Structures are given as structure tokens and as C-alpha cells.
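# Residue-level structural notes
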Amino acid sequence: MDPNHPAPTSGAPAAARPARWWHQTVPQRTTLAAIVVLGAVLTSWNLARGGDMSFYAAAARSMSESLPAFLSGSFDPGATVTLDKLAGFAVPQAISIHLFGMSTASLALPQVVEGAVTTLAVAVVALRWLGARAGLVAAALAASTPIFVSMFGHPMEDGLLTMSLAVALVWWQRAALTRTWWPMLLAGLFVGVGFQAKMLQAWMVLPALVLATVVATAGPGSRWRRATGHVAALLGAAVVASLAWSVVLGLLPTGDHPYFDGSTDDSVFAMVFGYNGVDRFLPGLWPGAVGALGAAVGHAGTHVADAWRTATAGRGGGHSLLQLFSPRYASQVGWSWPAALTGIGIGAARWWRRTAGREARVPAATLVALVVWLVTAVAVLSVLRLPHTAYVAGIGVQLAALGALGWWGAASLVDATERRMRLVPVGLLVVQGAWWAWLARASSEPALLGAIAVGATVVTLVLLVVRWRRSDPIVASTRGRRTAAGLLVAAVVLGPACFSLQVLDAARDGSGGDASVGVGQGAFARGGTPERAFALGRGGGGGSSARGRSAGTAAFTVSAPDVIGGHTRLPADEAALVGAARRAGGGQDGAPLFLTDSWRIAADVIGDTGDEVLTDGGFSGRVPVFTAAQVESIVRSGRTHLLVVASSAAATDPVRRAADDLGCRVVQHWGSTFADAAPGRSFGGRGTSFALERCS
């Protein structure tokens, strides 16, 4: 009998008491702590080298220095325009910057914590589902999943999303075990936190939790009422937590909130549900939404555009519905597919036929939750052209838990009395070894690391066969069973773990623009990413030299750890711009340094100085933050008399029109800031040269 699901002692069964890690044995707690610590070491090895895209790094700094910017999720310290998405993911970053100062490591540190919490959450789910040993395997799989190792080492919104949904699953499971409704409120709350991090992607877990709640609690009479109440608590809390910020800011008068980027009519819902939602599938469907990714490709020249081009390169502009099983994505998250599929089969055979029994109801519901969540995420991610690799983290938690189930089931069948049942661990080892061998070769994993992982499955298979030939499974020793189970752990975990060791080489650790492990996996691994185009990284020193090596050709080399600090210097042209603006009176007495039509220039200046820079155009370059009349009014009011205009700005550009109408004179002109880094490209959507103009 499963100790986590004791049998009832009377007619109305008592709710089970959820298992806790601090009640487990000292060796088990120590092992879990070691897994979490080792995962954090891998994640933070290059913490001060990579960074966030400058657009979001600037917002985090703004939010760290200005309470209005913090509360409204604004791009600039003066809170005149929001980010092009909900800024929940930047809240931990802003707090970290406020505490430790602006640096690459400060930006990325919260994600390391989020990664550790994700590992612990997966361990708790598996502990309460399968026991302590399976919980340790699940923790090891989560901590070693390549996309997690890279993503949680860079400041990306996917980190908070992944952590929130993993914690939501913990609270849902507690509600199912205890048959109480209040944990459903916390599950819904964490779904809402995930929504604040990455909006609609967080809701992909809700169908799974709703269906699993019905499986766990529904039945004749009062059970259906209980199931309905639990589902209502979950969905109500999720909707309230998801939409509360948007509703509050949306109800404020226009002058009392920043302009909502991603919308053409200053609508937060157009930004959330249009620009970041349905317009990704059906452009133009939501009124007031900027053209979403299509506009970003055409006007921003940002990491989204580059990732989009990379995702469609060599495929005639299309993509495969099996893209999650391609080397590029499977090497980042899919090492556990054989174990996970084995676990699904074993779980269905073990629990589904007995769902009417109390003992099987919650384990079956947990299986349903993970499988439905996995299928939902796979379906959505297979249809999408993925803007960056971190999207595949959306199936990482499910595969880690189901992979642990596969290990648990295979280990229990090692000494099965029926010979045909012993084929399950054999089949798992054969398929797992073949899958790992293909992934290692297709993703250019260093030969030694790949050989260790594949070799472990071969050795385990041989030793199991030898053991079966020499001993009777009926009288097999407990020590022998534990040895076999330990060998199976290595055969399940070493694949992703060895691949993830590549992050020790700074050239194979991905970036804040696109998290990934290995060579040529990320969207920017193929050809000339400008240093400041996407990351607030270290200017000079070991980080730059490591990044400067070609990951596609250089041998795997362990870089020196770089955990603290990490800063950039402004490009010479932008540094000269800041100096000229200050000499011309910009930024005095809390006034903005200048007003510009390029977020790219504004982001660099805000990120490095923390100064207020008014910015038109938003992320896409098409958002009417200011009209020409408003720009003129700002100048005439004395709020600022300095404009920075990109040379390629269209005649209809509000900042250019205002400069022409006001008769502003050019103080200084600078040439191509980004042309050397990315020939023929325009970052920020506004051209490669700019001028500082003074309006009297």
C-alpha cells in the first residue's frame, strides 16, 4: 500500500496527509539538497556573462528606481509607456537590481532562484505521487533539463512562468490529496503569477488541472458538488490573479497610466489578448492590437525577428508539426521522452482500471494532470513557429515528472516473476540508448559526454541481463534490487545531465535572447549577434572572449566561472550622445534626458544610466505613444527641449514631424551605431544613425 495514500478506517474516508521532504530520511534530504545545489551551480556558472535583451533590461532598471514604473510595468523611469507585455517577470529582476545594483548578475539572479524552486516543486509532486526515490529522480531530471539549465541562468520571462506552474501543480495535488478546497485558491494564484510572466501561455495548464480535479473528486452525490466547488475555486482564483493588474490599470483615466505598448488605442487588453495572444495565430483579429510578430519582424529587427528567420530558414518559410522532436528542440528538453512514455503506459495500466478506489484515484488524477498538460503544450508548441527556444520549457516539468514515473515503473519490474514484464526495463534501456545516441550525434554533443550517457544505458542493460541469468528473481536480494534501481537512475538521468554540462563552456550557454545549450541550437547561434543587441553582458574580459569563439567549431572547453557583476559600456556614439545631451541641459532637475523615436537608443541609455528617456513607437516602432502635437506640447512646456531623431525615420514619424514644425536645429549627428555589428540591419526599427536636435 502506498504510504502517501493510506486506506480509510471508516465509512467516510479521511483525507490523506501529504508527504513532506523534511519527514524523509537524512540521506534522502541530503541527496535532494545536493541536486538543487548542483543544478544552481550549473545554472549560475556564467551568470555575469549573458544578459537580457536591452529592451527588457532597461525596463527592469526603470522599475527598480521608480515606484510608478514598478507598479505599472513601464519601460522608462517616468512611466510613460509600458513594456509590450505584462511585466510580472521583471518584478523579481527589479527587486534584485534595487538590492544589489545594476549588473548582469543582478538581472539573472532571480531566475536561479526560480530554477531551484522549480526543481523542488517537481520533487514534491513526485514524492507525494510515487515516493521519495522517484522524487529524487524527478528532481534530478528537472535540474538537468538543458533548457532549464540555460533559461534559469538568463533573465527571461519563461523562468517565472515555469516556476509558477510547477508550484501551482504542487498546490493542486495537495487539494486532491486532502480533499480541501483552499489549496485550489493557491494553485489558481500561481497560475495567475504565471500569467503575469507570460500571459496566455500560463493558461495551458488549466484544462489539465480541471480534468484532473474531476477525476480526483467527482462521483455520485456530494462528490460532484465537491468537484464543482474545487474547479470553481481554481478557475476563479486563476482568472482574478491573471487579470487583476490589467483591469485596475485599464480602469484608470488615460492620463493616469502609461501608454500600453502593443496597442494602437492604448488598450491593455489589446496588448495582452491581441498583440500577445490571438494575433499570433490570426493577425488583425483583435481590434487595436499592433501587428504582433509580423510587425516586429518588419519594424523592430529584434531577437524576435532573428529567431523567426532562423526558425523558418531552410524550410521554405514553413515549419514541421514534429518540430519538438527535431534535434534543435529535442536536445533542449526531450531527453526523457522514452522514460516519460514508458511511465504513461505503466501508470495507465496500474491506476486507470481502479479509479473508483480511493488509493488509485489521486495517483490517476496526477497522471491525468501531467499527461493532459503535456499534450496541450505539445499541440500548441507544434503549431507555433517558436520565436525562441525557451518556449519548449513549457513541457519540461511534465517530462521530468513522467520520466520519474517511467523509472519507478521500470525499477519495480526488474525482478518481476513474469519474464515478459522484465522486457519493460529492457525495452526502456534499448529505446533510451538509441534516442540518446541519435540526439547526441544530431546536436553535436562532445563525444566524451555523449559516450558517457549512452555507455551508461548499455552497461545497465548488460548488467541486468547478467543478473537475470545468474539469479532467481523470487529470491533476489534487496541489495541487488537497489543496485539495479540505481543503475536505472543513471540510465534515465545521465543523458540530459551530460548534455547540460556544456554550459560550463560560456560559448555553449545560450543567451538572454535565446536560452539553449550546445552548439548551433539557439536562434542566434548562426551568425553575428551584436553584443548589445540582445544582452546586457560584460563589456570586455572573459565573457566577451568566451562569447567571441565560434560555438559551432570550437572544442568544448570549461570556462572560468563568472558569477558576480557583469556590465557593459555604451557604444561610443551613444556615450557621446549622453554627454552632448547633458551639456545641452538635458536631464537636469529630474527632467528627461531627451525624447527619441528609437527604443533601441533609449534602452541602452536607460539601462546604463537610469536616466529618464521619453520614447515613442514602442517595441514594434508602430505604437503611437506620442502624437506630433503632444511632442510639440512637451517641448513648449519646457519638459524637454532635446529630441533624438533617427535618420531613417519616415516623414510621418511624430518626433521628426515635431522637430520640423518646431524648427529644431541639429546639435550633433552620429553615424551608424550598429552597422559594424550587423551589416545591413536596423535595430530598433528606426535606422542606423541619429541626430541630437535642440528645440528652442
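Everything below is about the structure printed above this text.
A brief structural summary. (Residues numbered from 1 in each chain as written. Predicted model: local features only at pLDDT ≥ 70, side-chain atom pairs only at ≥ 80, totals over all residues. Heavy atoms only, no water.)

## Focus on the overall build of the chain
- Scanning the chain from N- to C-terminus turns up 27 helices and five strands.
- Out of the 696 residues belonging to the chain, those deemed buried represent 60%.
- Taking all contacts inside the chain whose residues are at least 6 apart in sequence as the whole, residues at least 24 apart take part in 74%.
- About 25700 Å² of surface is accessible on the chain, with carbon and sulfur atoms providing 63% of the total. (Helix = DSSP H or I, 4+ residues; strand = E, 2+ residues; numbered from the N terminus. Buried < 20%, exposed > 50% of the residue type's maximum accessible area, 1.4 Å probe, protein only. Contact = heavy atoms within 4.5 Å. Areas by Shrake-Rupley, 256 points an atom, 1.4 Å probe, with all protein chains shown as cover.)

## A short note on the state of the cysteines
- Inspection of the entire model under this criterion finds one disulfide.
- Covalent S-S linkage joins cysteine 664 and cysteine 695, the inter-sulfur distance amounting to 1.8 Å. The sign of the S-S torsion, about 100°, decides the handedness of the disulfide formed by cysteine 664 and cysteine 695: right-handed. Note that cysteine 664 is positioned in the loop between helix H27 (654-662) and strand E4 (665-670) and cysteine 695 in the segment after strand E5 (690-694), a separation of 31 residues in sequence. (Disulfide = S-S within 2.5 Å.)

## Let's talk about the environment of glycine 394
- By the secondary structure assignment, glycine 394 is in the loop between helix H17 (358-383) and helix H18 (396-412).
- In contact with glycine 394, other than residues within four places in its own chain, are Trp373 and Ala377.

## Things to note about the sheet that holds strand E1 (residues 594-596)
- With respect to topology, five strands assemble into an open sheet ordered E2-E1-E3-E5-E4, the strand pairing being mixed. Both outer strands of the open sheet, strand E2 (613-615) and E4, are each paired with one neighbouring strand and no more. Neighbour-to-neighbour, the strand axes of the sheet open up by a mean angle of 25°, direction not taken into account.
- Together, E1, E2, strand E3 (642-646) and E5 form the strand contacts of helix H25 (residues 599-609), whose direction differs from that of E2 by roughly 155°. (Pairing = 2+ DSSP bridges. Axes fitted to C-alpha atoms, helices over the stretch in contact; angles between N-to-C directions.)

## Some words on the environment of phenylalanine 325
- On the secondary structure map, phenylalanine 325 appears in the loop between helix H14 (303-312) and helix H15 (327-333).
- Looking at phenylalanine 325, the relative accessible area reads 34%, which means it is partly exposed.
- Taking C-alpha positions, phenylalanine 325 is 9.4 Å from tryptophan 337, a pair spaced twelve residues apart along the chain.
- Each residue touching phenylalanine 325, except ones within four places of it in the same chain, is listed here: Ala330, Trp337, Trp435 and Trp438.

## A short note on H27
- Within the span of H27, buried status applies to Pro654, Val655, Ala658, Ala659 and Leu662. End-on view of H27: buried residues confined to an arc of 135°, all on one side of the axis. Every exposed residue of H27 that faces more than 90 degrees away from the buried side is listed here: Asp660 and Asp661.
- Tucked inside the fold, the buried residues of H27 contact E1, helix H26 (628-636), E3 and E5. (Arc of directions from axis to C-beta.)

## Quick notes on the pattern of salt bridges
- For the structure shown, the criterion picks out eight salt bridges.
- Glutamate 65 is the partner of arginine 61 in a salt bridge, and the nearest nitrogen-oxygen pair spans 2.9 Å. Taken together, the residues arginine 61 and glutamate 65, both in helix H2 (residues 54-65) and four residues apart, mark about one turn of the helix.
- The buried category is assigned to arginine 61, whose relative accessible area is 13%. (Salt bridge = Lys/Arg side-chain N within 4 Å of Asp/Glu carboxyl O.)

## Notes on the packing of H2 against helix H4 (residues 90-100)
- Closest axis-to-axis distance for the H2/H4 pair is 8 Å, and the angle between their directions is 60°. It follows that H2 is oblique to H4 by the angle criterion. Handedness of the crossing formed by H2 with H4: right-handed. Judged by residue contacts, Ala60, Arg61, Met63 and Ser64 of H2 engage Ala90, Val91, Gln93, Ala94, Ile97 and His98 from H4. (Parallel < 35°, antiparallel > 145°, perpendicular 65-115°, else oblique. Left-handed = near helix turned anticlockwise from the far one by under 90°.)

## A short note on the packing of helix H1 (residues 26-44) against helix H5 (residues 104-130)
- Running from amino to carboxyl end, H1 crosses H5 at an angle of 150°, the nearest separation of the two axes being 10 Å. With respect to H5, the axis of H1 lies roughly antiparallel. For the crossing formed where H1 meets H5, the hand is right-handed. On H5, the residues that touch Leu32, Ile35, Val36, Ala40, Thr43 and Ser44 of H1 are Val112, Ala116, Thr119, Leu120 and Ala123.
- Among the residues making up the contact of H1 with H5, the classes are represented as eight nonpolar, three polar and no charged. (Nonpolar A, V, L, I, M, F, W, Y, C, P; charged D, E, K, R; others polar.)

## Some details on the pairing of E3
- Across the five residues that make up E3, a large majority, five, are buried.
- Two elements, E1 and E3, share two bridges in a ladder whose sense is parallel. Each residue of the ladder has a partner; that of threonine 596, found in E3, is valine 644.
- The pairing of E3 with E5 spans five bridges and is antiparallel. Along E5, the bridge assignment pairs leucine 643 with glutamate 693.

## A look at a nonpolar patch on the surface
- Taken together, the side chains of Ile95, Leu99, Phe100, Leu109 and Val113 present a nonpolar region at the surface, about 490 Å² in accessible area.
- Secondary-structure elements contributing two or more residues to the nonpolar patch are H4 and H5.
- The element that contributes the greatest number of residues to the nonpolar patch is H4, accounting for three residues.
- Relative to the elements of secondary structure, leucine 99 occurs in helix H4. (Patch = residues over 30% accessible without salt bridge, like charges linked within 9 Å, V, L, I, M, F, W, Y side chains within 5 Å.)

## Some words on the packing of aromatic side chains
- Following the criterion strictly, the structure yields 21 aromatic pairs and no others.
- Seen from their ring centres, phenylalanine 273 and tryptophan 286 are 5.9 Å apart, and the 25° between their planes marks the pair as stacked. One end of the pair, phenylalanine 273, is in helix H12 (residues 268-275); the other, tryptophan 286, is in the loop between H12 and helix H13 (292-300), and 13 residues separate them in sequence.
- On the accessibility criterion, tryptophan 286 (32% relative accessible area) is partly exposed. (Phe/Tyr/Trp six-rings, centres within 6.5 Å; stacked < 30°, edge-to-face > 60°.)

Note that every value here comes from positions in space, so none of it alone points to a role or purpose.
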